[in-house]
Amino acid sequence: MTAVSAQFATDLQVNMTPDTVSIRTSSTINNYGELSFSGDATSYDAYIRRINESDRNDIDDTIEVDWVVYIPHSTLTLDVDDQLTLPAPISETRPIVKVDTRRDPKGQVGVVAYVGRKRI
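Quick summary incoming for the structure in this document. (Residues numbered from 1 in each chain as written. Predicted model: local features only at pLDDT ≥ 70, side-chain atom pairs only at ≥ 80, totals over all residues. Heavy atoms only, no water.)

## Examining the overall build of the protein
For the protein, the helix and strand inventory stands at 1 helix and 11 strands. When the elements of the protein are put in sequence order from the N terminus, they spell out α-β-β-β-β-β-β-β-β-β-β-β. Within the protein, residue pairs in contact and separated by at least 24 positions form 50% of the contacts whose partners lie at least 6 positions apart. On the protein, roughly 8000 Å² of surface is accessible, and the fraction owed to carbon and sulfur atoms is 48%. (Helix = DSSP H or I, 4+ residues; strand = E, 2+ residues; numbered from the N terminus. Contact = heavy atoms within 4.5 Å. Areas by Shrake-Rupley, 256 points an atom, 1.4 Å probe, with all protein chains shown as cover.)

Here's what the structure looks like:
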C-alpha cells in the first residue's frame, strides 16, 4: 500500500503541479520589528489558483486572499511568518495569511498556503 501512495504522490507532483514557488523559512525580527530572512530560498512544485473571495479568521475578521497555493510535500512546515515568492507572471513575494496542512492516514501529504495582497 505504501508503494501505491508513494507512486500517487509522485504522479501528482509531476502531472498536476505546473508551477514552482520559492520559500524561505528562516526568519528573525530586526530592531524595527520587521521580519528579516537569511539563506537561500527553496523551490517547491505547486498548483496555484487565483481566488476572488475573502476568508475569515477565528474572530470573524476578513482576511484578504488573492492566491491559494497547493504544495504536495510530505515534510514541508510552513508558517505565516515565512516568505513565499510566486512565479511569473506575478513574480513577487506576497504575505502568507493562513496555512493548512493536509494529512491522510499515512501522514502529511501537502500544505495549502493562502497568499494575500502585496504589502505596500
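That shown, we press on.
## Overview of the pairing of strand E4 (residues 42-50)
Relative to E4, strand E1 (residues 19-24) runs antiparallel, the two being bridged by 5 bridges. Bridge pairing in E4 places Thr20 opposite Asp45. Inspection of the sheet shows E4 paired to strand E7 (residues 67-71) by 4 bridges, in the antiparallel sense. Looking at E7, one finds that Ile48 is bridged to Val69. (Pairing = 2+ DSSP bridges.)

## Points about the sheet that holds strand E10 (residues 96-104)
Read across the open sheet, the 7 strands follow the order E9-E8-E1-E4-E7-E11-E10; overall the sheet is antiparallel. The strands lining the two open edges of the sheet, one partner per strand, are strand E9 (93-94) and E10. Across 3 bridges, the pairing between E1 and strand E8 (residues 83-85) is antiparallel. Pairing of Ile23 across the sheet is with Leu84, part of E8.

## What about the pattern of salt bridges?
Evaluated as defined, the whole model comprises 3 salt bridges. For Arg94, the salt bridge identified is with Glu92, shortest N-O distance 2.7 Å. With relative accessibility at 11%, the residue Arg94 sits in the buried group. Salt bridges sharing common partners tie together Asp66, Glu92 and Arg94. (Salt bridge = Lys/Arg side-chain N within 4 Å of Asp/Glu carboxyl O. Buried < 20%, exposed > 50% of the residue type's maximum accessible area, 1.4 Å probe, protein only.)

## Digging into the side chain of Asp82
When you line up the elements, Asp82 lands in the loop between E7 and E8. The side chain of Asp82 sits in the buried core without any salt bridge; Arg24 is the nearest counter-charge, 9.5 Å away. A polar contact is formed between the side chain of Asp82 and the backbone nitrogen of Asp79, at a distance of 2.8 Å. (Lys, Arg positive; Asp, Glu negative; His and termini not counted. Polar contact = N/O pair within 3.5 Å; in protein donor to acceptor, adjacent residues only side chain to side chain.)

## Topic: the packing of aromatic side chains
Summed over all chains, the structure comprises 1 aromatic pair. Between Tyr47 and Tyr70, the ring centres sit 6.0 Å apart and the planes meet at 35 degrees, which makes this aromatic pair tilted. Within this pair, whereas Tyr47 is found in strand E4, its partner Tyr70 is found in strand E7, the two being separated by 23 residues in sequence. Tyr70 sits in the partly exposed class, given a relative accessible area of 28%. (Phe/Tyr/Trp six-rings, centres within 6.5 Å; stacked < 30°, edge-to-face > 60°.)

## What to know about the nonpolar core
One finds Val21, Ile23, Val69, Ile71, Leu84 and Leu86 to be the most contacted residues of the largest nonpolar core, which totals 17 residues. Listing elements by their share of this core, those giving two or more residues are E1, E4, E7 and strand E11 (107-115). (Core = buried A, V, L, I, M, F, W, Y, C linked by side-chain atoms within 4.5 Å.)

## Overview of the side chain of Gln108
Note that Gln108 resides in strand E11. At 3.0 Å, the side chain of Gln108 and the backbone oxygen of His73 are in polar contact. At 2.9 Å, the side chain of Gln108 forms a polar contact with the backbone oxygen of Leu76. With residues up to four places along the chain from it excluded, the contact list for Gln108 reads His73, Ser74, Thr75, Leu76, Thr101, Arg102 and Arg103.

Keep in mind that these numbers describe shape and distance, not what the molecule does.
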